[in-house]
Amino acid sequence: MEEDEPPLQPRTQIQGRVLFLTICAAGIGGTFQFGYNLSIINAPTLHIQKFTNDTWRARTGWPLPDHLVLLVWSLIVSLYPLGGLFGALLAGPFAIMLGRKKSLLVNNVFVVAAAVLFGFSCRAGSFEMIMLGRLLMGMSAGVSMNIQPMYLGESAPKELRGAVAMTSAIFTALGIVMGQVVGLRELLGGPQAWPLLLASCLVPGVLQLASLPLLPESPRYVLIDRGDRATCLAALQRLRGTTEVMVELAELEEERAACQGRRARRPWELFKDSALRRQVISLVVLGSAMELCGNDAIYAYASSVFHEAGIPQDKVQYAIVGTGCCELLAAFISCLVIERVGRRVLLIGGYCLMTWWGSVFTVALCLQSSFPWMSYLAVSCIFAFILSFGIGPAGVTGILATELFDQMARPAAYMVCGTLMWTMLFLVGLGFPFLMEGLSHFLYVPFLGVCVCGAIYTGFFLPETKGKTFLEISEELHRLNFPGQSQDPMWKGPEVIQSTEL
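Residues numbered from 1 in each chain as written. Predicted model: local features only at pLDDT ≥ 70, side-chain atom pairs only at ≥ 80, totals over all residues. Heavy atoms only, no water.

## Some points on the overall build of the protein chain
- Along the backbone of the protein chain there are 25 helices and zero strands.
- Put simply, the protein chain has 502 residues, and 54% of those count as buried.
- Taking all contacts inside the protein chain whose residues are at least 6 apart in sequence as the whole, residues at least 24 apart take part in 82%. (Helix = DSSP H or I, 4+ residues; strand = E, 2+ residues; numbered from the N terminus. Buried < 20%, exposed > 50% of the residue type's maximum accessible area, 1.4 Å probe, protein only. Contact = heavy atoms within 4.5 Å.)

Structure below.
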């Protein structure tokens, strides 16, 4: 027995370095870019609005009406998620034609083009260049946010797959914090430097272009989709840090041998298959809940609440950086505990805490004019709400498409999930300013209902996937989709496919 133990150690201890570098190289140009470009647009809001008005005046001799300035600004913000929607639809074909790693590299073409448009928009006197740049950055984020988890999920060993998948949330939070820091007035948030602030998205792209080519492609893609056994073996050995990978390689060979004549499901086919009913509903309900739970509302109110609490106006920006740090801390905590407490506990706990702190936050906003100390309570609620969101929905929701769907349906599920997420972001970004103006302090009440529904649905309908293989998850979901029915003798578990072609 003792002679058999040492070969097991490299799989859990030595494999870290190359896998860690792979996670960082994929994440810096993936979800980091998403969070970074989501947050840097907040700092130059007034500067870009003034630039839009000045540009229009220079062209026509007349100032642009305030409501049209607001409309142009809403379009600049909303074109980012609209581009993400287009990018999510491109991710599937990219992953097949180019492979996982090469898709992430080619995706930086959008980043370079957008950075050029941002950098020269002020000199060219064109706010349309900003709009086009935001659309291109959204397309880049849409592609990378679908391919990054696919690439990392296929590269990670099964015992670390959950923690590796959670790194997407960590890089998103890290991108938000970095965007907030770079957007400070002392750095690139001033009235003259905002074109450089928007163009700084080029830096993560360059880092990915310099590092990712040195790292291996997904072993599963190389063997099953391309049939290159030698390259697959080399990739496994580099990622695991050991030559003892023959067991894992044999599993991939069995998978490859079993996938004759099969094809992946198309996105619309997921909605027609009764065997995927619960998976699709869970993906739609919980994916929508994450985008509509009110986290954006908390961020939007942060500046005014901090100011009401007595924080000087020139110091509010530093407090806002603290909110991003809270989400980053929560993402780290979630990554550490997800394999111990499970997915359901984090989701239910997160939504319940968000409901509580959101309710207290609404009461504090309504009473802060009567009781001065309510402003401090509102500040505490902001940080508590963001922590609750980061520990639960922010990270766990992102791995549902991986764990609830088998290999036949997983690529299409990623496309459905990405399309849903970016559509919600687009609608929220376009309508949120008007919603905030209409509901005032009661803006958060509709979001409380979303949080309650998210907790209830998770508690009653979402199965726990902690510590289960994909086959065990699929068997449990099959029983849930067909209650009171014995296991179909014709059903042989999740189908294995030769290619992830959509």
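Anyway, onward from the coordinates.
## Some words on a nonpolar patch on the surface
- Together, Val-112, Val-116, Phe-120, Leu-202 and Val-206 make up a nonpolar patch on the protein surface, roughly 400 Å² of accessible area in all.
- Looking at which element gives the most residues to the nonpolar patch, the answer is helix α7 (residues 108-124), with three residues. (Patch = residues over 30% accessible without salt bridge, like charges linked within 9 Å, V, L, I, M, F, W, Y side chains within 5 Å. Areas by Shrake-Rupley, 256 points an atom, 1.4 Å probe, with all protein chains shown as cover. Salt bridge = Lys/Arg side-chain N within 4 Å of Asp/Glu carboxyl O.)

## What to know about the confidence of the model for the protein chain
- Residues with a pLDDT of 70 or more make up 88% of the protein chain, whose mean pLDDT is 82.
- Ranking the helices and strands of the protein chain by mean pLDDT puts helix α11 (residues 202-211) first, with 94, and helix α1 (residues 9-14) last, with 44.
- Note that residues 1-14 has pLDDT below 50 and, in this model, 10 contacts with residues that lie over four places away or in other chains.
- Here residues 487-502 scores under 50 on pLDDT; set against residues more than four positions off or in separate chains, the count is 50 contacts. (pLDDT = per-residue confidence, 0-100.)

## Notes on the side chain of Asn-481
- On the secondary structure map, Asn-481 appears in helix α25 (residues 470-481).
- With near-sequence residues (within four places) excluded, Asn-481 lies in contact with Ser-274, Ala-275, Leu-276, Arg-277, Arg-278 and Gln-279.

## Topic: the side chain of Ser-155
- Here Ser-155 lies in helix α8 (residues 127-155).
- On the accessibility criterion, Ser-155 (0% relative accessible area) is buried.
- Polar side-chain contacts of Ser-155 include one of 2.8 Å to the backbone oxygen of Tyr-151.
- In this view, Ser-155 contacts Leu-19, Ser-218, Pro-219, Leu-239 and Arg-240; residues no more than four positions away in its chain are not counted. (Polar contact = N/O pair within 3.5 Å; in protein donor to acceptor, adjacent residues only side chain to side chain.)

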